[in-house]
Amino acid sequence: MTAATTPKGERRRAALVEAAAKLLVEGGFDAVRHRAVAERAGLPLASTTYYFDSLEDLVTAAVEHHGQGELETGRRRLEELATRNRGVQATVELVLEMLLGPETDDPEADAEAVLLRYERLVATGRRPYLRPLMRTLSAQLNELLTEIFARSGTPVSADELERLIALVDGAVVNALIAVDPAPRAAASRMLQNALDGT
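Residues numbered from 1 in each chain as written. Predicted model: local features only at pLDDT ≥ 70, side-chain atom pairs only at ≥ 80, totals over all residues. Heavy atoms only, no water.

(A) Examining the packing of helix α5 (residues 88-100) against helix α8 (residues 158-177) more closely. Orientation of α5 relative to α8, taken along the N-to-C sense of each, is 70 degrees, at an axis distance of 11 Å. By the criterion of interaxial angle, the relationship of α5 to α8 is roughly perpendicular. The crossing of α5 and α8 is right-handed. Seen from α5, the contacting residues are L96, L99 and L100; seen from α8, they are I165, V168 and V172. Of the residues that constitute the contact of α5 with α8, the class distribution is six nonpolar, no polar and no charged. (Axes fitted to C-alpha atoms, helices over the stretch in contact; angles between N-to-C directions. Helix = DSSP H or I, 4+ residues; strand = E, 2+ residues; numbered from the N terminus. Parallel < 35°, antiparallel > 145°, perpendicular 65-115°, else oblique. Left-handed = near helix turned anticlockwise from the far one by under 90°. Contact = heavy atoms within 4.5 Å. Nonpolar A, V, L, I, M, F, W, Y, C, P; charged D, E, K, R; others polar.)

Encoded structure:
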């Protein structure tokens, strides 16, 4: 048994992954550096290279941790949705939470979080090592979104889902370009109009 597979080693590795995931969400890929991750996790700098072969390995683990956490949250929220109001607005809110991240009470902070999310998504394309993971996470997200729409009484095909995601992405990017302080609201209007028309 190596130190990395002992309970203490597993805890340290998990702490590094969680710290890297938080830095990724807060500041994008450039924020995930060995020193910053170690400091955030409260561990020695050498621990990052001990538990991960490279910064790419650490970033991959952080992206996977964050993505799986969001999917798990979405699955829990879907179960809540199944037992409560399943109207269009509830569906829109859950879909946007999955595509844009959880909404915050501060509109300015929420807009910044959405901007950072899209910057991260675009930057992922410049990191070929993340492509296999992103394909897997995207497929899982599409499955969850399909289930959300089905349980909400608005089943969609794979093509319709792709169109709705593109609609949200377009609304958000247009709002960000226009320096709209509420990109989530713009996406919500577009998605609600599309669902009302189906």
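(B) The packing of aromatic side chains, seen in detail. The tally for this structure, following the rule as stated, stands at one aromatic pair. Between Y50 and Y51, the ring centres sit 4.9 Å apart and the planes meet at 85 degrees, which makes this aromatic pair edge-to-face. Accessibility expressed as a relative area gives 13% for Y51, which makes it buried. The positively charged end of R127 is found above the aromatic ring belonging to F29, 4.2 Å away from the centroid. (Phe/Tyr/Trp six-rings, centres within 6.5 Å; stacked < 30°, edge-to-face > 60°. Buried < 20%, exposed > 50% of the residue type's maximum accessible area, 1.4 Å probe, protein only. Lys NZ or Arg CZ within 6 Å of the ring centre and 35° of its normal.)

(C) Spotlight on helix α9 (residues 183-196). Look at α9: 20 Å from first C-alpha to last across 14 residues, which is about the 20 Å you get at 1.5 Å a residue. Every buried residue belonging to α9 is among P183, R184, A186, A187, S188, L191, A194 and L195, and all of these are buried. (Expected span 1.5 Å × (residues − 1).)

(D) Up close: the pattern of salt bridges. Per the counting criterion, the structure on display carries ten salt bridges. We note a salt bridge from R151 to E79, for which the minimum N-O separation is 2.9 Å. With R151 in helix α7 (residues 131-151) and E79 in helix α4 (residues 55-83), this residue pair connects regions lying 72 residues apart in the sequence. The exposure class assigned to R151 is partly exposed, which follows from its relative accessible area of 27%. In this structure E79 comes out as partly exposed when scored by relative accessible area, which is 44%. Each of the salt bridges in this network shares a partner with another, and the network as a whole consists of R77, E80 and E97. (Salt bridge = Lys/Arg side-chain N within 4 Å of Asp/Glu carboxyl O.)

(E) Spotlight on the nonpolar core. Ranked by size, the top nonpolar core spans 51 residues in total, and within it L100, L145, I148 and V168 carry the most contacts. Every element with two or more residues in this core is listed here: α1 (7-27), α4, α5, α6 (107-124), α7, α8 and α9. Here L100 is in contact with V114, R117, Y118, V168, V172, R184 and A187, once residues within four sequence places are set aside. (Core = buried A, V, L, I, M, F, W, Y, C linked by side-chain atoms within 4.5 Å.)

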